[in-house]
Amino acid sequence: LFQGGHNFWTRHYLTTGPVHDLSMLVDGGVTVDAHRLADAMWDFTCQDWWFTGRTDRSVYPYNLTDCPDNFDLETENTLNGARVISVGRMGAIGKNSADKALLAMFRSAQKNIKLFQQDLGAPKVGPFVIAYWPEDVLGEFAQAILRGVDIYLVVSTPQSIPGGLTFASATYGNGWQPEDVVEKVLEWAEAHPEVIPAGVDMRAELCEHFHAAQLRFNDTDNSWPGDVGIGNHSKFFSVDDKAFYLGSQNLYLSNLAEF
């Protein structure tokens, strides 16, 4: 299983100002779970939905079947290698167990959370925010800070558009600065004063424990040649240097199918 953030888009990855990304190769029982998710996606697509949204398929040559058979090979789980817990979400067509699993990882942190993400903030166009911030994630970050957990977050520079593409087709920065993320965590905490112990200055705690930055090459270079922002498409975080998530699911809200 080749698992992670990479898309098969040449101009985004292999020309000028390419986006950074992260994926991994795994085998074992987790690969069966990935096939099961793919089966569920195909089963839905092959129902030919019309009333609640249309699904289409293309095949070449045209006389071949356009829906594959379900995966039928079983792989034994072994005790060799790293332990992998596979989680997925079905987006608008099913359950989203992965959402709860990611929050549970944050909730377990006792020392640090290290994140390498495209963004945490909702996409926006100019001054207009077109979605919500992930309140559940903000809440877990605020409560982790209050436990003394250090959070390290690296995100894209705003308006990172690789390959000479346009804003509408390839933007890998949602338009937020690192301090915007910190302020949103503070806003969540102020809206939930019951979680803040008496006498604790939440802003001071954030200043000490929340370390947010944009992706850059060195102290002076925060863009590619041609003033193109440095984009990051990775969906990675680790907790206490013991466990990590690497998959396709962003922390900013986007109701997609993921694994």
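Now for a description of the structure that goes with this document. (Residues numbered from 1 in each chain as written. Predicted model: local features only at pLDDT ≥ 70, side-chain atom pairs only at ≥ 80, totals over all residues. Heavy atoms only, no water.)

Moving on, we get to the overall build of the protein. Secondary structure assignment for the protein yields six helices and 13 strands. For 259 residues, the compact-globule estimate of 2.2 N^0.38 gives 18 Å, and the C-alpha radius of gyration of the protein, at 20 Å, lies within 12% of that figure. When the backbone C-alpha atoms are referred to their principal axes, the protein occupies close to 70 × 45 × 40 Å. Across the 259 residues of the protein, 38% fall into the buried class. Taking as baseline every contact in the protein between residues at least 6 positions apart, the subset at least 24 positions apart corresponds to 71%. Carbon and sulfur atoms make up 55% of the accessible area of the protein, which amounts to about 15200 Å² in all. (Helix = DSSP H or I, 4+ residues; strand = E, 2+ residues; numbered from the N terminus. Rg over C-alpha atoms; globule rule 2.2 N^0.38 Å. Buried < 20%, exposed > 50% of the residue type's maximum accessible area, 1.4 Å probe, protein only. Contact = heavy atoms within 4.5 Å. Areas by Shrake-Rupley, 256 points an atom, 1.4 Å probe, with all protein chains shown as cover.)

Turning to the state of the cysteines, a few remarks are in order. Note: disulfide means a covalent bond formed between the sulfur atoms of two cysteine side chains. In the structure shown here, the tally under the stated rule is one disulfide. Covalently, cysteine 46 is tied to cysteine 67 through a disulfide, its sulfur atoms 1.9 Å apart. Looking along the S-S bond of the cysteine 46-cysteine 67 disulfide, the torsion reads about -115°, which is the left-handed sense. Here cysteine 67 lies in the loop between α2 (29–45) and β3 (89–90) and cysteine 46 lies in the loop between α2 and β3, a separation of 21 residues in the sequence. (Disulfide = S-S within 2.5 Å.)

Bringing the side chain of histidine 233 into the picture now. Take histidine 233: it is sitting in the loop between β10 (228–229) and β11 (235–239). Reaching out from histidine 233, the side chain makes a polar contact with the side chain of aspartate 21 at a distance of 2.8 Å. Residues within four places of histidine 233 in sequence aside, it is in contact with Gly5, Asn7, Tyr13, Val19, His20, Asp21, Gln118 and Tyr172. (Polar contact = N/O pair within 3.5 Å; in protein donor to acceptor, adjacent residues only side chain to side chain.)

The next point concerns the environment of glycine 247. Here glycine 247 shows up in the loop between β12 (243–246) and β13 (257–258). The spacing of glycine 247 and leucine 206 is 41 residues in sequence and 27 Å in space, taken between C-alpha atoms. Leaving out residues up to four positions away in the same chain, glycine 247 has contacts with Gln3, Gly4, Gly5, Lys235 and Phe259.

Let's shift gears to unusual backbone geometry. Going from tyrosine 60 to proline 61, the amide bond is cis rather than trans, its omega being -5°. The phi dihedral of aspartate 227 is positive, around 60°, even though this residue is not glycine. Structurally, the position occupied by aspartate 227 is in the loop between β9 (223–224) and β10. The exposed category is assigned to aspartate 227, whose relative accessible area is 67%. At aspartate 240, a position not held by glycine, the phi torsion is positive, near 55°. Residue class for aspartate 240 comes out buried when judged on its relative accessible area of 13%.

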